[in-house]
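Here is how the chains run, residue by residue.
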Amino acid sequence: MKFQKPCTFAKLGLKDSKSLAKIIRNLAQTRQLLQGKQLHSQLISSGYPLCAFLTNHLLNMYSKCGQLDYSVKLFDKMSQRNLVSWTAMVTGFSQNLHYFEAISTFCEMRIAGENPTQFAFSSVIKACASAGLVEFGEQIHCLALKFGFGSDIFVVSNLVDMYSKCGVMVNAHNVFQEMECKDEVLWTALIDGYAKNGPFEDALSAYKNMVKEGIGIDKFVLCSTLSACAALKALNFGKCLHSVMVKKGFELEISVGNALTDMYSKVGDMESASNVFGIDSDCRNIVSCSSLIDGYVEMDRMEDALSVYVRLRRQGIEPNEFTFSSLIKACSSQAALEQGTQLHAEVIKFNFDSNPFVSSVLVDMYGKCGLLDDSIRVFDEIGNATEFAWNSMLSVFAQHGLGKDAIQLFNRMKNEGVEPNAITFVSLLRGCSHSGLVEDGLSFFKAMEKTFGVMPREEHYSCVIDLLGRAGQLKEAEDFINKMPFEPNAFGWCSFLGACKIHGDKERGKLAAEKLMQLEPENSGAPVLLSNIYAKEQQWEDVRTLRKMMQDFNVKKLPGYSWVDVGNKTHIFGVEDWSHPQMKAIYDKLDALSGQIKAAGYVPSTDSIPLDVDVSVKEKILQHHSERLAIAFALISIPSGKPIIVKKNLRVCSDCHSAIKYISKLIGRKIIVRDNSRFHHFSNGLCSCGDFW
């Protein structure tokens, strides 16, 4: 673009100011900042009078090019500002994400006596939405009504969007309903609000009404509605939307592919998610990759999730915090330490180790894999721990039965000004339960609502039942159950039944078993635990009756098994399992260990076997429990410098607990056992639980 020489600008009249304004407007629309600056400098050097008309166009040009500093300097030097000047500044600040400056400029405009236009209102409402200032937004809403903009489509659309983004869907709906003529922007704002905040059903209803009204459907409203389908797991509705997208030719749009992959992944239709993902490799990005990974993780298909991660890395797509969070969460649920540590290295490589959410899942992963010290180290390295990180660390302490550490951490959390929530108290109560800290646990339960404003839920009541039951206070636990505002859930009755089994309370155990079988008829835990209570009392006829009942109702006892990771492979063992290729070496090692620990003072606790058989048979069964087979295999497979980590799907029995203590002292190695409720750290003949679990 060629500009006139500086010497000629002084000769230009008002008519040419309009020509100059048109040039500046074109430069603003095409974002040609350098040419705009050149023109501005020529105007100044030529002495051309910069009237408000031209200055307003320059303000707009600099704002659209992202040069707000120039806009502010120009604005400050204006001897006379008009409504267009103020509106340009409010809009410029809002468009360039300077939300608070946009709001303050709007306020200054009102003080200067200018009446805002619909454009100024729209811009300041956008700023309120992005800054989350709903209360100020409500005041702007009132002012817009006062100035007669209650029916302006631009103002109303931004009001609906503002209320939606701030989660005030009642107001968004009311503003929407008051508008007689609704366009696609207004409908999209409402549907997107429902899709993000709920009720999700209302998003689907609004979409149906939009179609019924004959309003044009674009990819944005389709993606928002798909998001609501994902939240509701409404697969059929999502498929209908998919067909609409195909008909309209949107399927190859990146945003649409992301939304479809996310919807299918969240409803569990991984075949369809994978098909959408594989339509066009050019349309894949980290959003669709992360959605697919998360879907596989939720379906416990960890190998598929890792496969997607490998593929995205080969294609040069860089992972984000959501990718790592999903994958590490999968490692946590499966206690896959090897993969978890590799992912941690990737996290450091991509500089996400300081991300609070990723750090939180790393804390959880190391804790669930048994490496308590690593979990603490990762937590201590978090610069500004969020509530997620604090709750993750509290949960780890609870899983490892470290109630006192959980209480100390909770006190630190309060001192840091982080507000506890319902999850915080679940971890605290479980930590107290596994450590026998009854008074502390009850104190926290009472303080939940009274001190911290957190209403106790079913899981908190169940934790208190478990707290009292484990401590042998069965009468107090029963009284607590009778005073509860609702019936205990399955976990509550199961905890009470387990406590009755440990402390030999047959009558209360029978009551708890009946309640648990009513809630979960297919759960074998209740009759098995009750059978163990009867076996401890040597009431073999009652044991046989219970087993007959289980056969009649096809209730199968959950088989106990343990597993240990060696290298990149997981080795699984059942009771008296002979399927492993190294079984002879394993049994030889186990027989040698059994003889050695007996010589050291170990005495088998045959009372824990609920069978009417000879003591020698019971001893043999105990000796071949799955966790002992896993430990024996680990001893012949894992180098002596590494700890042995064994996972078990059921509660470790008292006899195995005693035997492993002797084994840890005999071999001089740390053995970590994770059962279905907590971790046990065995070292030098002692266990971290202090024989209380």
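Residues numbered from 1 in each chain as written. Predicted model: local features only at pLDDT ≥ 70, side-chain atom pairs only at ≥ 80, totals over all residues. Heavy atoms only, no water.

- The name an unreviewed UniProt entry assigns to the protein is DYW domain-containing protein, from the organism Gossypium arboreum.
- In its Sequence similarities (unreviewed entry) section, the UniProt entry covering the protein states "Belongs to the PPR family. PCMP-H subfamily." (UniProt positions renumbered as here; feature names shortened; annotations may be inferred.)

Some remarks on helix 13 (residues 200-212)
Here is step 1 of the chain: For helix 13, which comprises 13 residues, the first-to-last C-alpha distance of 19 Å matches the rise-based estimate of 18 Å (1.5 Å per residue) to within 8%.
Here is step 2 of the chain: The complete set of buried residues in helix 13 reads A203, L204, A206, Y207 and M210. End-on view of helix 13: buried residues confined to an arc of 160°, all on one side of the axis.
Here is step 3 of the chain: Looking at the buried positions of helix 13, the neighbouring elements they touch are helix 12 (184-197), helix 14 (219-232) and helix 15 (235-247).
Here is step 4 of the chain: Phi for G214, located one or two positions after helix 13, is positive at around 80°. (Helix = DSSP H or I, 4+ residues; strand = E, 2+ residues; numbered from the N terminus. Expected span 1.5 Å × (residues − 1). Buried < 20%, exposed > 50% of the residue type's maximum accessible area, 1.4 Å probe, protein only. Arc of directions from axis to C-beta. Contact = heavy atoms within 4.5 Å.)

A few points about helix 10 (residues 153-165)
One full turn of an α-helix is made of 3.6 residues, so residues set three or four places apart face in the same direction.
Here is step 1 of the chain: Between the first and last C-alpha of helix 10 there are 18 Å, a value that for 13 residues agrees with the 18 Å anticipated at 1.5 Å per step.
Here is step 2 of the chain: For helix 10, the tally of buried residues reaches ten of 13 residues, placing the bulk of the element in the interior.
Here is step 3 of the chain: Listed as buried for helix 10 are V155, V156, S157, N158, L159, V160, D161, M162, Y163 and S164.
Here is step 4 of the chain: Contacts made by the buried residues of helix 10 are with helix 8 (118-131), helix 9 (134-146), helix 11 (169-178) and helix 12.
Here is step 5 of the chain: One side-chain oxygen at the N-terminal end of helix 10 lies 3.0 Å from the backbone nitrogen of F154; it belongs to D152.
Here is step 6 of the chain: Just downstream of helix 10 lies G167, where phi reads positive at about 80°. (Polar contact = N/O pair within 3.5 Å; in protein donor to acceptor, adjacent residues only side chain to side chain.)

Describing unusual backbone geometry
Working note: non-glycine residues mostly have negative phi, and peptide bonds are mostly trans.
Here is step 1 of the chain: In this model, G198 is joined to P199 through a cis peptide bond whose omega is -5°.
Here is step 2 of the chain: Position of P199 relative to the elements: it lies in the loop between helix 12 and helix 13.
Here is step 3 of the chain: The backbone phi angle of R31 is positive, close to 55°, even though this residue is not glycine.
Here is step 4 of the chain: Topologically, R31 is positioned in the loop between helix 2 (14-29) and helix 3 (33-45).
Here is step 5 of the chain: For R31, a relative accessible area of 47% translates into the label partly exposed.

A short note on the UniProt feature "repeat: PPR" (unreviewed entry) in the protein
Here is step 1 of the chain: As annotated in UniProt, the feature "repeat: PPR" (unreviewed entry) corresponds to residues 82-116, 183-217, 285-319, 386-420 and 421-451 in the numbering used here.
Here is step 2 of the chain: The span residues 421-451 is 90% helix and 0% strand, and its two end C-alpha atoms sit 12 Å from each other.

Notes on the pattern of salt bridges
Here is step 1 of the chain: Counted according to the given criterion, the structure contains 22 salt bridges.
Here is step 2 of the chain: We note a salt bridge from D466 to R470, for which the minimum N-O separation is 2.8 Å. Taken as a pair, D466 and R470 lie in helix 28 (residues 458-470) at a separation of four residues, close to a single helical turn. We note that D466, like R470, is buried.
Here is step 3 of the chain: Put simply, D374, R377 and E381 are held in one network by salt bridges that share partners. (Salt bridge = Lys/Arg side-chain N within 4 Å of Asp/Glu carboxyl O.)

Here we look at the nonpolar core
Here is step 1 of the chain: Counting residues in hydrophobic clusters, the biggest one holds 182 residues, and the most contacted among them are F106, V160, F324, I328, F379 and F496.
Here is step 2 of the chain: Not counting residues within four places of it along the chain, the set of residues in contact with F379 comprises V363, A385, A389, W390, M393, L409 and R412. (Core = buried A, V, L, I, M, F, W, Y, C linked by side-chain atoms within 4.5 Å.)

Quick word on empty space enclosed by the protein
Here is step 1 of the chain: Evaluation of the coordinates by the stated rule reveals three cavities of 30 Å³ or more.
Here is step 2 of the chain: Lining the second largest cavity, in full, are S594, K598, Y602, P604, E619, L622, Q623 and R628.
Here is step 3 of the chain: Elements supplying a minimum of two residues to the lining of the second largest cavity: helix 34 (583-599) and helix 35 (615-623).
Here is step 4 of the chain: With three residues, the top contributor of residues to the lining of the second largest cavity is helix 35.
Here is step 5 of the chain: Grouping the constituent residues of the lining of the second largest cavity by class yields three nonpolar, two polar and three charged. (1 Å grid on protein atoms, 1.4 Å probe; cavity = no way out; pocket = protein on both sides within 12 Å on 5 of 7 lines; lining within 4 Å. Points joined across faces, edges and corners; volume = space filled by probe spheres on them. Nonpolar A, V, L, I, M, F, W, Y, C, P; charged D, E, K, R; others polar.)

Notes on the pairing of strand 2 (residues 569-574)
Here is step 1 of the chain: In terms of strand pairing, strand 1 (residues 561-566) meets strand 2 through six bridges, oriented antiparallel. Across the sheet, the residue bridging to W563 is I572, located in strand 2.
Here is step 2 of the chain: Joining the antiparallel neighbours strand 1 and strand 2 is a turn of two residues, in which G567 adopts a positive phi near 70°. (Pairing = 2+ DSSP bridges.)

Observations regarding the layout of surface pockets
Here is step 1 of the chain: Roughly 860 Å³ of volume is contained in the second largest pocket.
Here is step 2 of the chain: Taken together, 36 residues form the lining of the second largest pocket, with T91, Q95, S122, S123 and K126 sitting closest to its centre.
Here is step 3 of the chain: Counting residues per element, the ones that place at least two in the lining of the second largest pocket are helix 4 (52-64), helix 6 (83-95), helix 8, helix 10, helix 12 and helix 14.
Here is step 4 of the chain: It is helix 6 that contributes the most residues to the lining of the second largest pocket, eight residues altogether.

Observations concerning the sheet that holds strand 4 (residues 671-674)
Here is step 1 of the chain: Spatial ordering of the open sheet is given by 2-1-3-4-5-6, a layout of six strands whose pairing is mixed. Of all the strands in the sheet, the pair left with one neighbour each is strand 2 and strand 6 (686-687).
Here is step 2 of the chain: Relative to strand 5 (residues 679-683), strand 4 runs antiparallel, the two being bridged by four bridges. Counterpart to V673 in the pairing with strand 5 is H680.

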